[in-house]
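Take a look at the letters that make up each chain.
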Amino acid sequence: MIKKELRIKYKALRNAMSFDEIEEQSLTIANQLLKLDIWNKTYFHLFLSIEEHKEIQTEYILQILAGKDKEVVVSKSNFDDCSMTQYLLTDNTRLKKNEYGIPEPVDGIEVPDTKIDVVFVPLLAFDTKGHRTGYGKGFYDRFLANCKKDIIKIGLSFFEAEESIDDIHPNDMVLDYCVTPKEIYQF
């Protein structure tokens, strides 16, 4: 399937989920993450969920990171050039939803992309080779290209892998893992 078709399919599948299902499966995904060998790292980038899009609720992952005393980094998007600036999430960080419903830091301590060890990557669909389909603007592919080479890229999905995504772009970044409620895929 091509990315455009996958976006339509998986947006519809997410929209069909109840908020109770989203909450339950989000918690299961967070618990699955505890099985990964990533907890010796320090800087973790976490996307903040867009509730209106029925994305995975990342507050459970945030609680795990806080409990493990990790440095959490969140991004602010620039829609003019499809780039993201990273900020340390602290008790003093003020968050505000942007015009697309994305919770973002208003200001704060900027963190260079090269400092980040692990990135939890949002997606709509992924395949058995670790390719992903997002919303189509390329924010995460640009961001990940600026990170250190050994950064750990972890996709989070309510749904299992597609066999393949047919229209992969050379700049698309391949995931290292994708975690679903049922399985941990390693690529």
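On a predicted model such as this, the values are computed, not experimentally measured, just so you know.

**Student:** Help me understand the pattern of salt bridges in this model?
**Tutor:** Pairs may arise between side chains of opposite charge once their charged atoms sit close together. A complete count under the given rule lists 5 salt bridges for this structure. Between D172 and K3 there is a salt bridge, with the nearest N and O atoms lying 2.5 Å from each other. Of this pair, D172 sits in the loop between β9 (152–156) and β10 (177–179) while K3 sits in helix α1 (residues 3–15), and the two are 169 residues apart along the sequence. The pair formed by D172 and K3 is uniform in burial state, with each residue classed as buried.

**Student:** Is there a simple way to think about the sheet that holds strand β6 (residues 118–121) in this case?
**Tutor:** Backbone-to-backbone hydrogen bonds join strands into a sheet, with any given pair of strands oriented parallel or antiparallel. Strand order in the open sheet formed by 7 strands is β3-β2-β1-β6-β9-β10-β11, and the pairing between neighbours is mixed. The open sheet has two free edges, formed respectively by β3 (83–88) and β11 (184–186), since each of these has just one partner strand. Sheet twist, expressed as the mean angle between neighbouring strand axes with direction ignored, is 25°. Looking at chain direction, strand β1 (residues 43–45) and β6 are connected through 2 bridges and run parallel.

**Student:** Is there a simple way to explain α1 in this structure?
**Tutor:** Side chains that are three or four residues apart share a direction in an α-helix, a result of its 3.6 residues per turn. With 13 residues, α1 should cover 18 Å at 1.5 Å per step; its first-to-last C-alpha distance of 18 Å lies within 8% of that length. Along α1, the residues that are buried comprise K3, L6, R7, Y10 and R14. End-on, the buried residues of α1 take up no more than an arc of 100°, which puts them together on one face. Looking at α1, the residues exposed on the side facing more than 90 degrees away from the buried face are K4 and I8.

**Student:** In this structure, what is going on with the pairing of β3? I would like to understand it.
**Tutor:** On a regular strand, each side chain points to the face opposite its neighbour's, so the side chains alternate between the two faces of the sheet. Where strand β2 (residues 71–78) lies against β3, 6 bridges are found, and the strand directions are antiparallel. Considered in β3, the bridge of V73 is made with L88. Remark: 4 residues form the turn of the hairpin made by β2 and β3, two consecutive strands paired antiparallel; C82 in that turn has positive phi of roughly 55°.

**Student:** Is there a simple way to explain the pairing of β6 in this structure?
**Tutor:** Neither face of β6 is exposed, since V118 and F120 on one face and V119 and V121 on the opposite face are all buried. With 4 bridges connecting them, β6 and β9 associate as parallel partners. Note on β9: the bridge partner recorded for F120 is I154.

**Student:** Even after reading the chapter, I still don't get the packing of helix α2 (residues 19–33) against helix α3 (residues 59–67), so can you show me in this structure?
**Tutor:** Packed helices, taken two at a time, are described by the angle their axes make and the gap between the axes. Put simply, α2 and α3 touch, their axes get as near as 8 Å, and they point 35° apart. For the pair α2 and α3, the sense of crossing is right-handed. When α2 is examined against α3, the residues E23, S26, L27, A30 and L33 are found in contact with a partner set consisting of Y60, I61 and I64. A per-class count over the contact of α2 with α3 returns 6 nonpolar, 1 polar and 1 charged.

The rules behind these values
- Residues numbered from 1 in each chain as written.
- Predicted model: local features only at pLDDT ≥ 70, side-chain atom pairs only at ≥ 80, totals over all residues.
- Heavy atoms only, no water.
- Salt bridge = Lys/Arg side-chain N within 4 Å of Asp/Glu carboxyl O.
- Helix = DSSP H or I, 4+ residues; strand = E, 2+ residues; numbered from the N terminus.
- Buried < 20%, exposed > 50% of the residue type's maximum accessible area, 1.4 Å probe, protein only.
- Pairing = 2+ DSSP bridges.
- Axes fitted to C-alpha atoms, helices over the stretch in contact; angles between N-to-C directions.
- Expected span 1.5 Å × (residues − 1).
- Arc of directions from axis to C-beta.
- Left-handed = near helix turned anticlockwise from the far one by under 90°.
- Contact = heavy atoms within 4.5 Å.
- Nonpolar A, V, L, I, M, F, W, Y, C, P; charged D, E, K, R; others polar.

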